[in-house]
Amino acid sequence: TDIPDVVLIEPVVRGDSRGYFIETFLLDKFLKEVTDTTFVQENESSSAYGVLRGLHYQLPPHAQAKLVRVVKGRIYDVAVDIRRKSPTFGKYVGFELSGDNKRQLFIPRGFAHGFVTLEDNTIVQYKTDNYYAPNSEGAILWSDEELYIEWPIDLNRIIISEKDKNSPILRNSMLFK
């Protein structure tokens, strides 16, 4: 991807008249081709069209890497580099993940993550390499003009939580050193 630490994974899908089979995670391949990490938690959300979740992250010592995939429906998934000393600080990458394309996105520690659903009844699953810790939670306003994220949806149709509506912009957020 344009940010080398963020990895888009396109698994092999084997299909025939019965349906398909996919290996969604192989530890040895992941360790060799992506990074050395161990996932400890898996989460799932179901959302209507236009739900935007993010931009969320966990600060050290509870920082989290994520491996995101869509079981059903479609999302536009975004990773924002919030590592102050990174050459890509404040930059983002975004990809469409869907139940059809089976893509997965690996987002390392030091990135804010968010997505918007592009279909009703979208189901998203993601693994994390650290447990959720509310006291380490951080967020950045999804519409921060300095990030200029091009969400592929009519912004008037976005459904967002009060918490996410009131997140600080990047320059006012607690970030990675």
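Further up the page is the structure itself.
Residues numbered from 1 in each chain as written. Predicted model: local features only at pLDDT ≥ 70, side-chain atom pairs only at ≥ 80, totals over all residues. Heavy atoms only, no water.

A complete count under the given rule lists 11 salt bridges for this structure. Linking R109 and D129 is a salt bridge whose minimum nitrogen-to-oxygen distance equals 3.2 Å. With R109 in the loop between β9 (104-107) and β10 (111-117) and D129 in the loop between β11 (122-128) and β12 (137-139), this pair connects stretches of sequence that are 20 residues apart. For the salt bridge of K163 with E137, the shortest nitrogen-to-oxygen distance reads 2.8 Å. You can see K163 sitting in helix α2 (residues 162-165) and its partner E137 sitting in strand β12, a full 26 residues away along the chain. The class for K163 is partly exposed, based on a relative accessible area of 49%. By sharing partners, the salt bridges in this structure join D5, D81 and R83 into a single network. (Salt bridge = Lys/Arg side-chain N within 4 Å of Asp/Glu carboxyl O. Helix = DSSP H or I, 4+ residues; strand = E, 2+ residues; numbered from the N terminus. Buried < 20%, exposed > 50% of the residue type's maximum accessible area, 1.4 Å probe, protein only.)

The strand order across the open sheet built from 5 strands is β1-β9-β6-β11-β4, with neighbouring strands paired in antiparallel fashion. One side of each edge strand has no neighbouring strand; the edge strands of this open sheet are β1 (7-9) and β4 (41-47). For this sheet the average axis-to-axis angle between neighbouring strands, irrespective of direction, equals 20°. Sheet topology note: the strand β6 (residues 66-72)/β9 ladder contains 4 bridges and is antiparallel. Paired with V68 across the bridge in β9 is L105. (Pairing = 2+ DSSP bridges. Axes fitted to C-alpha atoms, helices over the stretch in contact; angles between N-to-C directions.)

A few words on the pairing of strand β5 (residues 52-58). Most of β5 sits out of view: 5 of its 7 residues are buried. One ladder, built from 4 bridges, connects β5 with β10; its direction is antiparallel. Paired with G54 across the bridge in β10 is G114. Strand direction decides the pairing type here: β5 and β12, joined by 3 bridges, are antiparallel.

This part is about the nonpolar core. Nonpolar side chains in soluble globular proteins generally cluster together in the buried interior. Formed by 24 residues in total, the largest nonpolar core has its most connected members in L55, Y57, V80, I82, I140 and W151. When residues of this core are traced back to their parent elements, those giving at least two are β5, β7 (74-81) and β10. Ignoring anything within four residues of it in the chain, the contact list for W151 reads L52, L55, Y76, V78, G114, F115, V116 and W142. Formed by 14 residues, the second largest nonpolar core is a distinct cluster that contains V6, V68, V93 and F111. (Core = buried A, V, L, I, M, F, W, Y, C linked by side-chain atoms within 4.5 Å. Contact = heavy atoms within 4.5 Å.)

This part covers the pairing of β9. Within a regular strand, side chains alternate between the sheet's two faces. The alternating pattern of β9 places Q104 and F106 on one face and L105 and I107 on the opposite face, and all of these are buried. Here β1 runs beside β9; their pairing, made up of 3 bridges, is antiparallel. Among the inter-strand pairings, I9 is bridged to a residue of β9, identified as Q104.

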